[in-house]
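What follows is each chain in one-letter form.
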Amino acid sequence: MKILLITGVFPPEMAAGPNLNYELGREFVRLGHSVSVATCLPRYNLKEIPRQYRGKLCMREEMDGMIVHRTWCPSLRRGIPAMRGIEIFLMALSLTF
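Novice: Provide a residue-level description of the pattern of salt bridges, including the pertinent values.
Specialist: Across all of its chains, the model carries six salt bridges by this definition. A salt bridge links Glu 27 to Arg 30; the shortest N-O distance between them is 2.5 Å. A residue pair is termed a helical-turn pair when its members lie 3 or 4 positions apart in one helix, as Glu 27 and Arg 30 do in helix α1 (residues 16-30) at three residues. Accessibility expressed as a relative area gives 59% for Arg 30, which makes it exposed. Note that Arg 84 and Glu 87 form a salt bridge whose closest N and O atoms lie 3.1 Å from each other. Residue Arg 84 and its partner Glu 87 are located together in helix α2 (residues 81-96), separated by three residues, close to a single helical turn.

Novice: Which residues make up α1, and what values go with them?
Specialist: Between the first and last C-alpha of α1 there are 21 Å, a value that for 15 residues agrees with the 21 Å anticipated at 1.5 Å per step. Within the sequence span of α1, burial applies to Pro 18, Tyr 22 and Gly 25. For α1, the buried positions fall inside an angular range of 70° around the axis, keeping them on one side. Structural note: α1 exposes Ala 16, Leu 20 and Arg 30 on the side pointing more than 90 degrees away from its buried face. Downstream of α1 by a residue or two, Gly 32 has a phi angle that is positive, lying close to 100°.

Novice: Requested: an account of the sheet that holds strand β3 (residues 58-63), with residues and values cited.
Specialist: Taken together, four strands build an open sheet; the order of strands is β1-β2-β4-β3 and the sheet is mixed. Both edges of this open sheet fall to β1 (2-6) and β3, since each of them pairs with a single strand only. When the angles between neighbouring strand axes are averaged without regard to direction, this sheet yields 20°. Strand direction decides the pairing type here: β3 and strand β4 (residues 66-71), joined by six bridges, are antiparallel. Bridged to Glu 61 within β4 is Val 68.

Calculation rules
Numbers given to residues run from 1 along each chain, matching the order in which its sequence is written. Residues qualify for local features only when their pLDDT is at least 70, as the model is predicted, and side-chain atom pairs are given and counted only at 80 or more; totals for whole chains, interfaces and linings, by contrast, use all residues. The side-chain values count all of the structure's non-hydrogen atoms but skip hydrogen atoms and water molecules. Within this document, salt bridges are pairs made up of a side-chain nitrogen of Lys or Arg and a carboxyl oxygen of Asp or Glu, the two lying within 4 Å of each other. A run of DSSP states H or I qualifies as a helix once it reaches four residues; a run of E qualifies as a strand once it reaches two. Both are numbered from the N-terminal end. Whether a residue is buried, partly exposed or exposed follows from its accessible area with a 1.4 Å probe, protein chains only, as a fraction of its type maximum: under 20%, in between, or over 50%, in that order. Here the expected length of a helix is defined as 1.5 Å per residue gap, with one fewer gap than residues. Taken from the helix axis, the directions to the C-beta atoms give the arc we talk about. We treat two strands as partners when DSSP finds at least two bridges between them. Orientation is described by lines fitted to C-alpha atoms, with helices fitted over the stretch in contact, and by angles between N-to-C directions that extend from 0 to 180 degrees.

Pasting the structure below:
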């Protein structure tokens, strides 16, 4: 079966969400499924953006048998609920393309 995971966060980002998405995808691969991931370029909970992701608008990579498609997503202030809503809308729009 072909599986597409759509998520705003994925490793190398550090949090429970990225790790759960990674483990889910890896388990599907282990079970013999073809897994693609649509996600943002790393930006969440990192002290420094890894070099291979800097200055890119989109990229494709393979991670433990999963094809990971990354695209630029905005990072707005999280303390204001309206800004968080705008960020989520723009992230969905970015991942659609």
